[in-house]
Amino acid sequence: MKFTRQRSQEVGVDLTPLIDVVFLLLIFFMVSTTFTRESHLQVELPEASGEPASPAELKQIDVVINAEGQYVLNNKALVNNRRETLERGVSELAEGETGLPFIITADARTPHEYVVRAMDVAGRLGFSRLSITTEREADSQ
């Protein structure tokens, strides 16, 4: 007896659903991913529209900080920019009077560390009348 052999069918994988899944995953990751953009801040000296303070009192503590972080106390440069040196210089100028105005003038490019150091010294020594100088705001007329 002669049996007829059935033709064997080619076995294949249908890739259409697989491609659909890959595209869906691609879309999901594109939508859910956050792209970070690095930003570089450019900071300049702040401006204010207030009137300058009147020089009612002649005695005050002026701390000027240049762009390199060097301190000048009442027109006298300090030998270094360490906290101890600044604290010693301010306490010698104040002679125990913590009610004096403490004015900080910093260059626009001064690192923040040096301004905070001057403010910290003022707080440690008990000064309460702390001011930071700014540049007068340009009129936009």
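First, a word on what this report is: a plain description of the structure on this page. Please read these numbers as outputs of a predicted model, since none were measured by experiment.

### Digging into the pairing of strand E5 (residues 102–106)
For E5, the buried fraction is high: 4 of the 5 residues fall into the buried class. Pairing between strand E2 (residues 61–65) and E5: 5 bridges, direction parallel. Paired with Val63 across the two strands is Ile104, which belongs to E5. Where E5 and strand E6 (residues 130–132) come together, 3 bridges link them in parallel fashion.

### Some points on the packing of helix H2 (residues 83–94) against helix H3 (residues 112–125)
Axis separation between H2 and H3 bottoms out at 10 Å; the angle between their running directions is 50°. Overall, the two elements H2 and H3 adopt an arrangement that is oblique. Crossing geometry of H2 relative to H3 is assigned as right-handed. Side by side, H2 and H3 meet where Arg83, Leu86, Glu87, Val90 and Ser91 of the first sit next to Arg117, Ala118, Asp120, Val121, Arg124 and Leu125 of the second.

### Some details on the environment of Leu93
Checked against the element boundaries, Leu93 lands in helix H2. Placed 34 residues apart in sequence, Leu93 and Lys59 show a C-alpha to C-alpha distance of 9.5 Å. Once residues within four sequence positions are removed from consideration, Leu93 is found in contact with Lys59, Ile61, Leu73 and Asn74.

### Topic: unusual backbone geometry
Although it is not a glycine, Asn74 sits at a positive phi angle of roughly 45°. Inspection of the secondary structure puts Asn74 in the loop between strand E3 (71–73) and strand E4 (76–77). Take Asn74: its relative accessible area is 28%, and that puts it in the partly exposed class. Phi angles above zero are rare outside glycine, and Asn75 is one such case at about 65°. Positionally, Asn75 belongs in the loop between E3 and E4.

### Comments concerning H3
For H3, which comprises 14 residues, the first-to-last C-alpha distance of 20 Å matches the rise-based estimate of 20 Å (1.5 Å per residue) to within 8%. Buried residues along H3 sit in contact with E2, E3, H2, E5 and E6. Remark: Gly126 follows H3 within two positions and exhibits a positive phi of approximately 95°.

### Brief notes about the pattern of salt bridges
One pass over the full model with this rule turns up 8 salt bridges. Between Asp120 and Arg83 there is a salt bridge, and its shortest N-O distance comes to 2.4 Å. Here Asp120 is found in helix H3, whereas its partner Arg83 is found in helix H2, with 37 residues between them in sequence. Look at Asp120 and you get partly exposed, because its relative accessible area is 29%. The closest approach of N and O atoms between Arg117 and Glu113, which form a salt bridge, is 2.8 Å.

### A short note on the sheet that holds E4
With mixed pairing, the 5 strands of this open sheet are ordered in space as E4-E3-E2-E5-E6. Sheet topology places E4 and E6 at the edges, where each strand pairs with a single neighbour. Strand direction decides the pairing type here: E2 and E3, joined by 3 bridges, are antiparallel. Looking at the pairing, Val63 lines up with Leu73 of E3. Together, E2, E3 and E5 form the strand contacts of H2, whose direction differs from that of E3 by roughly 10°. The sheet strands contacting H3 are E2, E3, E5 and E6, and the helix crosses E5 at an angle near 175°.

The rules behind each value
- Residues numbered from 1 in each chain as written.
- Predicted model: local features only at pLDDT ≥ 70, side-chain atom pairs only at ≥ 80, totals over all residues.
- Heavy atoms only, no water.
- Buried < 20%, exposed > 50% of the residue type's maximum accessible area, 1.4 Å probe, protein only.
- Helix = DSSP H or I, 4+ residues; strand = E, 2+ residues; numbered from the N terminus.
- Pairing = 2+ DSSP bridges.
- Axes fitted to C-alpha atoms, helices over the stretch in contact; angles between N-to-C directions.
- Parallel < 35°, antiparallel > 145°, perpendicular 65-115°, else oblique.
- Left-handed = near helix turned anticlockwise from the far one by under 90°.
- Contact = heavy atoms within 4.5 Å.
- Expected span 1.5 Å × (residues − 1).
- Salt bridge = Lys/Arg side-chain N within 4 Å of Asp/Glu carboxyl O.

Read these as spatial facts, not as claims about activity.
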